[in-house]
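# Structure assessment
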Amino acid sequence: MTESDASLVARVRMGDSAAFEVLLRRHFRAAYLVALARVGERADAEDVCQEAFLRSWESILECRDPSRFCAWLIRIVRNTALNRREYLDVRATESFDDLMPYASASRTDHRTDQEELRATLQRALAQLPVTQREVVLLHDLEGLAHGEVAARLDISVLMSRRHLSDARKRLRVILGDYLTLMPDHD
Amino acid sequence: MTDSRTPPQDGRADLRALAPSQPQADRVIGAVMAGLAARSQGVARSRPDALEIVGRSLPPAWIAAAAVLLTAVSLAVLARRGPADSTSAGETVAMWATQEHVPTNAELLGAFQGYER
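## Some remarks on the overall build of chain A
In terms of regular secondary structure, chain A is built from 10 helices and 0 strands. When the elements of chain A are put in sequence order from the N terminus, they spell out α-α-α-α-α-α-α-α-α-α. By the burial criterion, 33% of the 186 residues in chain A qualify as buried. When contacts within chain A are restricted to residue pairs at least 6 apart in sequence, those whose partners lie at least 24 apart make up 69%.

Here it is, written out as structure tokens:
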């Protein structure tokens with residue numbers, strides 16, 4: 001039988017790092033997708049998750065409702081991603097990549113189809129408002145129901161539905177037939 | 001899993017390429033757990049107890065004097081509350097303090113005539 005989040009949080013509060021690892025593995029995908037929705041790049045999303053997970057360990061006593069650990073963790077991920085986004089925006093203005101388009105182009109030459117598909121999706125998602133990105137990733141990719149998405153993102157179920165509908169429409173416009181032409185990526 | 005060659009039935013885009021892989025999860029969670037382990041070891045190494053800190057920073061004579069003074073003050077406070085015959089115990093302790101003498105358990109018991117005082 002799967003141990004509940006509340007029980008695992010209680011063990012974490014006693015200093016049980018193995019219980020913490022179980023919690024992280026259980027909620028990694030949702031946390032990662034929210035981070036990705038906020039920062040856009042896989043490597044940055046990983047960094048955000050790593051930092052947020054360490055923060056959650058340090059402040060586990062502040063998790064008021066252990067049965068809703070995932071929502072609490074996602075909140076930390078979103079705040080961490082926000083800080084990261086601000087840092088990246090500042091760094092982007094100083095980046096040599098902006099001044100040297102050839103460097104970026106040469107990197108894309110060696111991309112595999114899978115990487116190209118991923119980059120296309122990331123560019124498309126970047127054109128959506130951030131909450132729409134989070135909702136569409138959690139619902140359509142992670143497979144969460146609207147109630148679960150709403151609980152994790154602190155929005156209403158109605159807003160979750162609305163964001164999803166808007167996000168899908170926008171993605172269809174942006175991506176067009178692109179996805180149907182891409183090779184299977186399983 | 002849906003085939004990405006066919007248009008999604010319910011209007012959703014196929015976003016599976018963005019899903020995190022198992023190696024990604026292992027890498028991130030592994031780094032976090034390693035960080036926690038290193039941190040707990042570092043804390044254990046770098047956290048001396050209070051006595052160790054005092055012992056490092058003060059010469060032994062000062063420590064003995066401080067211990068005696070602390071005892072003297074404590075006992076003087078207790079002696080005020082106690083019966084009249086405890087004055088002699090206070091004097092004894094004051095004498096120890098001026099001599100920087102660290103009393104043994106037996107001396108303390110003798111001076112205060114047991115645990116009750």
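## So, the overall build of chain B
Helix and strand content of chain B: 5 helices and 0 strands. The order of helices and strands in chain B, counted from the N terminus, is α-α-α-α-α. Counting the 117 residues in chain B, one finds 13% classified as buried.

## Here we look at the environment of Leu141(A)
For Leu141(A), the location among the structural elements is in helix α7 (residues 130-141). Among the residues examined, Leu141(A) registers 22 C-beta atoms within 10 Å and is labelled buried. Separated by 108 residues in sequence, Leu141(A) and Leu33(A) place their C-alpha atoms 8.8 Å apart. Those residues in contact with Leu141(A), other than ones at most four positions away along the chain, are Leu33(A), Leu15(B), Arg16(B), Leu18(B) and Ala19(B).

## Regarding helix α6 (residues 113-126) of chain A
Its 14 residues place the ends of α6(A) 20 Å apart at the C-alpha level, agreeing with the 20 Å of an ideal helix rising 1.5 Å per residue. Check the buried side of α6(A) and you find it contacts α7 and α9 (157-175) of chain A.

## Regarding the packing of α7(A) against α9(A)
Residue and element names in this part refer to chain A. α9 packs onto α7 with a crossing angle of 95 degrees between their chain directions and a minimal axis gap of 8 Å. Here α7 is positioned roughly perpendicular relative to α9, judged by the angle of their axes. Residues Thr131, Gln132, Val135, Val136 and His139 of α7 pack against Ser160, His163, Leu164, Asp166, Ala167 and Arg168 of α9. Considered class by class, the residues forming the contact of α7 with α9 number 4 nonpolar, 5 polar and 2 charged.

## What about the nonpolar core?
Counting residues in hydrophobic clusters, the biggest one holds 50 residues, and the most contacted among them are Ala31(A), Leu33(A), Ala35(A), Cys49(A) and Val77(A). Top element by residues in this core is helix α2 (residues 17-39) of chain A. It accounts for 13 residues. Among the domains, domain 1 (1-94) and domain 2 (111-186) of chain A are the pair contributing at least three residues each to this core. Once residues lying within four places of it in the same chain are set aside, the contact partners of Ala35(A) are Ala45(A), Val48(A), Cys49(A), Val77(A) and Ala81(A). The next biggest cluster of nonpolar side chains, apart from the first, holds 7 residues, and it includes Val68(B), Leu75(B), Ala79(B) and Val93(B).

## Some points on the confidence of the model for chain B
The predicted coordinates of low-pLDDT regions are not to be read in fine detail. All names here are of chain B. Predicted confidence across chain B gives a mean pLDDT of 75, with 67% of residues reaching 70 or more. No element of chain B has a lower mean pLDDT than helix α2 (residues 50-57), at 56, and none a higher one than helix α1 (residues 22-46), at 85. The model gives residues 1-7 a pLDDT under 50, and that stretch makes 13 contacts with residues more than four places away or in other chains. Reported confidence for the predicted complex is 0.79 by ipTM and 0.65 by pTM.

## What to know about helix α3 (residues 42-58) of chain A
Residue and element names in this part refer to chain A. Its 17 residues give α3 an end-to-end C-alpha distance of 25 Å, which sits within 8% of 24 Å, the value for a rise of 1.5 Å per residue. The complete set of buried residues in α3 reads Ala45, Glu46, Val48, Cys49, Ala52, Phe53 and Ser56. The buried residues of α3 occupy an angular sector of 160 degrees when projected down its axis, which confines them to one face. Along α3, the residues that are exposed and aim more than 90 degrees away from the buried face are Ala43 and Glu58.

## Topic: unusual backbone geometry
One non-glycine residue, Asp154(A), adopts positive backbone phi at about 55 degrees. With respect to the helices, strands and loops of the structure, Asp154(A) is situated in the loop between α8 (146-153) and α9. Looking at Asp154(A), the number of C-beta atoms within 10 Å reads 11, which means it is exposed. Phi is positive for Glu100(B), which is not a glycine, with a value near 55 degrees. A tally of 13 C-beta atoms within 10 Å means that Glu100(B) is categorised as partly exposed.

## Details of the packing of helix α1 (residues 5-13) of chain A against α2(A)
Residues and elements named next belong to chain A. One can describe the packing of α1 onto α2 by two numbers: an axis separation of 7 Å at closest approach and a directional angle of 140 degrees. Crossing handedness for the pair α1 and α2: left-handed. Within the contact between the two elements, α1 uses Asp5, Leu8, Arg11 and Val12 and α2 uses Ala19, Phe20, Val22 and Leu23. Split by residue class, the contact of α1 with α2 holds 6 nonpolar, no polar and 2 charged.

Parameters and conventions
- Residues numbered from 1 in each chain as written.
- Chains lettered and ligands numbered in written order.
- Predicted model: local features only at pLDDT ≥ 70, side-chain atom pairs only at ≥ 80, totals over all residues.
- Helix = DSSP H or I, 4+ residues; strand = E, 2+ residues; numbered from the N terminus.
- Buried ≥ 20, exposed ≤ 12 C-beta atoms within 10 Å, placed from the backbone.
- Contact = placed C-beta atoms within 7 Å.
- Expected span 1.5 Å × (residues − 1).
- Axes fitted to C-alpha atoms, helices over the stretch in contact; angles between N-to-C directions.
- Parallel < 35°, antiparallel > 145°, perpendicular 65-115°, else oblique.
- Nonpolar A, V, L, I, M, F, W, Y, C, P; charged D, E, K, R; others polar.
- Core = buried A, V, L, I, M, F, W, Y, C linked by C-beta atoms within 7 Å.
- Domains from an automatic or database assignment.
- pLDDT = per-residue confidence, 0-100.
- Arc of directions from axis to C-beta.
- Left-handed = near helix turned anticlockwise from the far one by under 90°.

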